[in-house]
Amino acid sequence: MAADALSIIPGAVLRNLADKLYEKRKNAALEIEGIVKQLSTAGEHDKIAAVIGLLTNDFTYSPQANHRKQGGLIGLAAVTVGLTSEAAQHLELIVPPVLNSFLDQDSRVRYYACEALYNIAKVVRGDFIIYFNKIFDALCKLSADSDANVQSAAHLLDRLVKDIVTESDQFSIEEFIPLLRERMNVLNPYVRQFLVGWITVLDSVPDIDMLGFLPDFLDGLFNMLSDSSHEIRQQADAALSEFLQEIKNSPNVDYGRMAEILVRRAGSPDEFTRLTSITWINEFVKLGGEQLVPYYADILGAILPCISDEEEKIRVVARETNEELRAIKADQAEGFDIGAILVIAKRELNSEHEATRIEALHWFSTLLVRGRAEFSAYLDGIFEPLLNALSDPSDAVVLLVLEVHARIAEEYHHFQHLMSYLIHTFHNNHVLLEKRGALIVRRLCVLLGAEKVYREFSTILQTEGDLDFASTMVQALNLILLTSTELAELRSLLKKSLVDTCGKDLFLSLYASWCHSPMATISLCLLAQVAYNHASSVIQSLGEEDINVKFLVQLDKLIRLLETPVFAYLRLQLLEPGKHTWLLKTLYGLLMLLPQQSAAFKILRTRLKTVPFSENLKRTSSANPYSQILQVTEDGNRNQDAPNYSAIDFSSRLQQFGSMQQQHRNHLKNQLQSRKSASAAVLSQEIQRYEESQSSSTPEISRPPSRAPKAIS
């Protein structure tokens, strides 16, 4: 074969083909072109193949750089030009050695390979589409070549190839996409520009459906949005914007596969990538319809964190998307997975951002309203996290948690669980009770009903083993009862305790646990309006142990509350001292318990001084109002605060109160005894250590051996 070629091409031509001088190489190429043209006209294609083989083996694959870069490549281009329209049948011999030269270590060989393939492509045009993937792969590598001249030559070749592809009807997008997908994760900026350029060009060809294959390279485009090069980011963004517009106008789009990509990219550390992905998700939620139902949980998982993004634009789009998603009415038959949604919402309850936690709670409410039966099936897995959320540092979050719990607590066993958990939480977290207790209790009273909430609290506290906590909790509930506007109706009901069955039942229900605190018990009696006789009896029953600092602090609070609008009715009753003598006796009893120098003593004494005692009241020589009251109460029927006082068995209640207070006294004694025992044990251990240290540090005194006494003669 080589011998045939040598007989066809003169030796001088072959020598000139590898000459250093450009003119000699050019003339040699022209002579080869003419020879091949004659052979083609004569139909001697075997000889043409021999010429191609000679140029390939002796020049293109030669170890000598001049032969490779000059002789072989320029010769193969000349052969193609000489063949013109018949070049297609020899391309399988011409193109491979040229493509192989793209990998040559010599940059000049790579440069001439670009030049040769450019000339070959101009001749054969669409006929070399069958080699497109190999040519594309070669150009992809050359776009990042270390030599600027090679890059420039590759760009020229690239433009020509793009022109050929756009006008060809033989290009196979199906065969090309795997190659494109493989290259999309390359980080080199030159390669990225090359890839975006091809994506844009192919998308502009009407007969090529790039949108249908968008899921295959969408992730790569999003990856380019965070490139350090501003130009690459712009190109990728422009391509994505064009595809998004096509999606809006296309009836057939594979939303599912792309949604998975967008969800991942929504968590990107790059701000621009997050904004673009959340914008796409927003459009997908509007356009996707039933296709996106199985992906709602994943989409929600991407949206909720973005609601708290540092960038305002991202927050705005995320909130809008979240509202759109929540408004869609999908059911399980369409693939709507309420369990997966709840998993996401539960996860975001632990978000460090308040806004995200709030939106997660809104989802709990939405799903609960939309399908209580379906929601209840997953309640075991989310009830505890929802309860834990009551300790959230944000008041807004706590209020929303309570709303969710209120909806769940429509079933009584969940209501009991909630109340028990709250008591348990307050027991373990006194700071929460102090700072957030009033907010939680008041809101629950609004959502679930004050009477229901207070009855349940009272029932639980009756059997509370920690008596100190029980007293503290009752005092807190009592203060809320006396001060909160949300509990006005409950206070009104208690005022009817002696004349209304519901009021009586409520009074008795609360009394059972209010006994943990003497002051709470007295407050409850004052609130019941006409149970003043019993209040006075409670005060008289107090022992020396009961009047401690905590008691006086609570008493001080009560005296100040007596001056508030809540107890306006009580102060007005003082206008009729003859009718409400037990109220006066109760107030004087409280006055006697207060230290005279305290502010509360002065407040109450000032109030009592304003009581208008009438002439009908018998005065003693001392002119002491309290002695007058005592005398009036001894007169018989006038000491009754109400005609229906017997509606409640107050003697039994007094025994109940006394029994509970005795438990507290015993508990206090046990505590003191335990402290004394602990202190004694510690002191004993210290003494023992001291004695041991002394014995180990003091040397033993030697004594002479004992001798038997001598006998006295």
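Keep in mind it's a predicted model, so treat the numbers as computed, not measured.

The rules we used
Residues numbered from 1 in each chain as written. Predicted model: local features only at pLDDT ≥ 70, side-chain atom pairs only at ≥ 80, totals over all residues. Heavy atoms only, no water. Helix = DSSP H or I, 4+ residues; strand = E, 2+ residues; numbered from the N terminus. Expected span 1.5 Å × (residues − 1). Buried < 20%, exposed > 50% of the residue type's maximum accessible area, 1.4 Å probe, protein only. Arc of directions from axis to C-beta. Axes fitted to C-alpha atoms, helices over the stretch in contact; angles between N-to-C directions. Parallel < 35°, antiparallel > 145°, perpendicular 65-115°, else oblique. Left-handed = near helix turned anticlockwise from the far one by under 90°. Contact = heavy atoms within 4.5 Å. Core = buried A, V, L, I, M, F, W, Y, C linked by side-chain atoms within 4.5 Å. UniProt positions renumbered as here; feature names shortened; annotations may be inferred. Nonpolar A, V, L, I, M, F, W, Y, C, P; charged D, E, K, R; others polar. Salt bridge = Lys/Arg side-chain N within 4 Å of Asp/Glu carboxyl O.

**Things to note about helix H17 (residues 312-327)**
When the terminal C-alpha atoms of H17 are compared, their 23 Å separation across 16 residues agrees well with the 22 Å that a helix rising 1.5 Å per residue should span. Of all the residues in H17, the buried ones are Ile314, Val317, Ala318, Thr321, Asn322, Leu325 and Arg326. Take H17 and look down its axis: the buried residues cluster within an arc of 165°, on one side only. More than 90 degrees from the buried face of H17, the exposed residues found are Glu312, Lys313 and Ala327.

**Quick word on the packing of helix H23 (residues 412-428) against helix H25 (residues 450-462)**
Two numbers describe how H23 lies on H25: the axes approach to 10 Å, and their chain directions differ by 60°. As the angle between them shows, H23 and H25 are arranged oblique. Relative to H25, H23 is oriented so that their crossing is right-handed. Of the residues in H25, those in contact with Tyr412, Phe415, Gln416, Met419, Ser420, Leu422 and Ile423 of H23 are Lys452, Val453, Glu456, Phe457, Ile460 and Leu461.

**A short note on the nonpolar core**
Trp280 and Tyr454 are the most contacted members of the largest nonpolar core, which totals 230 residues. Filtering out sequence-adjacent residues up to four positions away, Tyr454 remains in contact with Val441, Cys445, Leu477, Ile480, Leu481, Leu487, Leu490, Leu510 and Trp514.

**A closer look at the UniProt feature "repeat: HEAT" (unreviewed entry) in the chain**
UniProt records the feature "repeat: HEAT" (unreviewed entry) for residues 94-129 in the present numbering. Structurally, residues 94-129 is divided into 72% helix and 0% strand, and its ends, taken at the C-alpha atoms, are 14 Å apart.

**Concerning the packing of helix H15 (residues 271-288) against helix H16 (residues 296-306)**
Packing of H15 against H16 brings their axes to within 11 Å, and their N-to-C directions diverge by 130°. Classified by the angle their axes make, H15 and H16 are oblique. The two elements H15 and H16 cross, and the hand of that crossing is left-handed. Of the residues in H16, those touching H15 at Ile278, Ile281 and Val285 are Ile299, Ala302, Ile303 and Cys306. Within the contact of H15 with H16, the residues separate by chemical class into seven nonpolar, no polar and no charged.

**Structural notes on the pattern of salt bridges**
What the rule picks out here adds up to 29 salt bridges. Among the ionic pairs, Arg257 bridges to Asp216, the shortest N-O distance being 3.4 Å. One end of the pair, Arg257, is in helix H14 (residues 255-265); the other, Asp216, is in helix H12 (residues 214-224), and 41 residues separate them in sequence. A salt bridge links Glu359 to Arg326; the nearest nitrogen and oxygen atoms lie 3.3 Å apart. Taken as a pair, Glu359 in helix H19 (residues 354-370) and Arg326 in helix H17 lie far apart in primary sequence, 33 residues in all. Comparing Glu359 with Arg326, the two get one shared label, buried. It is possible to trace a salt-bridge network through shared partners that takes in Asp137, Lys141, Glu182 and Arg183.

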